[in-house]
Amino acid sequence: MTARLDLRGDVAVLVPAAGMGVRLGPGGPKALRLLGGQPLLVHAVRRVAAAAGVGCVVVAAPPAEVDAVRALLAGVAPATVVAGGDTRQASVAAALAAVPANFEIILVHDAARALTPPEQVAQVAEAVRAGHDAVIPVLPVVDTIKEVAASGAVVGTVDRSVLRAVQTPQGFRREVLAAAHAAAVDEHTDDAGMVEKLGVTVYCVPGDEAAMKITRPVDLVIAEALLARTLRT
Ligand SMILES: Nc1ccn([C@@H]2O[C@H](COP(=O)(O)OP(=O)(O)OP(=O)(O)O)[C@@H](O)[C@H]2O)c(=O)n1
Ligand SMILES: C[C@](O)(CO)[C@H](O)COP(=O)(O)O
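Each value, and the rule that gives it
Residues numbered from 1 in each chain as written. Chains lettered and ligands numbered in written order. Predicted model: local features only at pLDDT ≥ 70, side-chain atom pairs only at ≥ 80, totals over all residues. Heavy atoms only, no water. Near = heavy atom within 4 Å. Polar contact = N/O pair within 3.5 Å; in protein donor to acceptor, adjacent residues only side chain to side chain. Areas by Shrake-Rupley, 256 points an atom, 1.4 Å probe, with all protein chains shown as cover. 1 Å grid on protein atoms, 1.4 Å probe; cavity = no way out; pocket = protein on both sides within 12 Å on 5 of 7 lines; lining within 4 Å. Sits in = over half its atoms within 2 Å of the grid points. Nonpolar A, V, L, I, M, F, W, Y, C, P; charged D, E, K, R; others polar. Salt bridge = Lys/Arg side-chain N within 4 Å of Asp/Glu carboxyl O. Helix = DSSP H or I, 4+ residues; strand = E, 2+ residues; numbered from the N terminus. Buried < 20%, exposed > 50% of the residue type's maximum accessible area, 1.4 Å probe, protein only. Pairing = 2+ DSSP bridges. Right-handed = clockwise from strand over helix to strand, strands pointing away. UniProt positions renumbered as here; feature names shortened; annotations may be inferred. Contact = heavy atoms within 4.5 Å.

Enquirer: Tell me what's going on with the site of ligand 1, and back it up with residues and numbers.
Expert: Around ligand 1, a shell composed of 18 residues is seen, among which Gly21, Val22, Arg23, Lys30 and Ser91 lie nearest. Within the backbone of Asp86, an N or O atom sits 3.3 Å from a nitrogen atom of ligand 1. Take Lys213: an N or O atom from its side chain is 3.0 Å from an oxygen atom of ligand 1. For ligand 1, the protein covers 87% of the area, taking 570 Å² as the surface of the free molecule. More than half of the atoms of ligand 1 fall within 2 Å of the grid points belonging to the largest pocket. When the residues that make up the shell around ligand 1 are grouped by side-chain class, the tally is 7 nonpolar, 5 polar and 6 charged.

Enquirer: Which residues make up the pattern of salt bridges, and what values do they have?
Expert: This model, assessed by the stated rule, comprises 11 salt bridges. Measuring nitrogen to oxygen at the nearest pair gives 3.3 Å for the salt bridge that ties Asp67 to Arg70. Here Arg70 and Asp67 lie together in helix α2 (residues 66-73), a separation of 3 residues that amounts to about one turn. Here Arg70 falls in the partly exposed class, since its relative accessible area comes to 42%. Two residues, Arg88 and Asp110, come together in a salt bridge whose shortest N-O distance is 2.9 Å. Taken together, the residues span a long stretch of sequence, with Arg88 in helix α3 (residues 88-96) and Asp110 in the loop between β6 (105-108) and α4 (118-129) at a distance of 22 residues. Here Asp110 falls in the buried class, since its relative accessible area comes to 9%. Ionic contacts of the salt-bridge type, sharing partners, join the residues Arg88, Asp110, Arg113 and Asp191 into one network.

Enquirer: Run through the pairing of strand β5 (residues 80-83), naming residues and quoting values.
Expert: As paired elements, strand β4 (residues 54-61) and β5 share 4 bridges and run parallel to each other. Paired with Val58 across the bridge in β5 is Thr80. Tracing the backbone out of β4, into α2 and back to the parallel element β5 gives a crossover that is right-handed.

Enquirer: Could you give an account of the pairing of β4, with specific residues and numbers?
Expert: For β4, the tally of buried residues reaches 8 of 8 residues, placing the bulk of the element in the interior. Here strand β1 (residues 11-16) runs beside β4; their pairing, made up of 6 bridges, is parallel. Within β4, the position partnered with Val15 by the bridge is Val59.

Enquirer: Run through the UniProt feature "site: Transition state stabilizer" (unreviewed entry) in the protein, naming residues and quoting values.
Expert: The sites that carry the UniProt feature "site: Transition state stabilizer" (unreviewed entry) are, in the present numbering, Arg23 and Lys30. Within this annotated set, the largest pocket is lined by Arg23 and Lys30. Inspection of the secondary structure assignment puts Arg23 in the loop between β1 and β2 (34-35). By relative accessible area, Arg23 is classed as exposed at 59%. The residues contacting Arg23, other than those within four sequence positions of it, are Lys213, Thr215, Arg216 and Pro217. Leaving out residues up to four positions away in the same chain, Lys30 has contacts with Gly19, Met20, Gly21, Leu24, Leu40, Ala112, Ile214 and Thr215.

This is the structure:
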């Protein structure tokens, strides 16, 4: 049993956790699915709360599970739990609305990236504190990438040296994230994409393989192995 963590810092972390996990298959909301015997959300919040500088955690839970998630997190960290929306973007907006006014640095972190090291959370926050308006952790793309037509014919091979796979947490000055959500007219899969539309420069820091997103059944198998490796060391 791990002790409940206190929060003392100037960084608020929003944890969208209201998705159904359709690509993972049947089994209920993804954030409540088990990894090493504990819900993904518990792994994620424990690591976020352990990161240097984090003073506030707001979780957007599946609307039917808000009370259950409050109870689940009571022994983990002092998180605020709100009802999420129909899309990730709506869930982030709901969580953002619940952040106390004194937090000027806001991170957005997928519950589905359950094993993200606290150091990655702290590094993103630090880059915002150092003056960047928007910060994302990224990894190089390891596969050859083709552009393919609807017919199945290859159009061309993309230069992957300029591509990066994007992780979370994504970090923002509060004003920038709030402006991006206020201005959004279409759906985005990440918050940095919304900020880009404002013309704000998004800065990259190195990501971590442990921050992989649990999306498909095979990702749960990989995450179990990563967790076992962490526990061994
Ligand atoms: N309406 C939604 C949809 C997604 N999320 C959250 O956004 C993160 C990233 O989304 P993804 O991994 O795509 O999760 P799901 O939407 O649950 O997956 P799927 O698309 O397979 O249903 C997850 O932590 C998920 O819980 C959310 O809070 N609210
Ligand atoms: C925010 C994100 O995790 C960055 O990789 C991702 O965009 C989440 O959305 P998706 O539904 O998996 O595309």
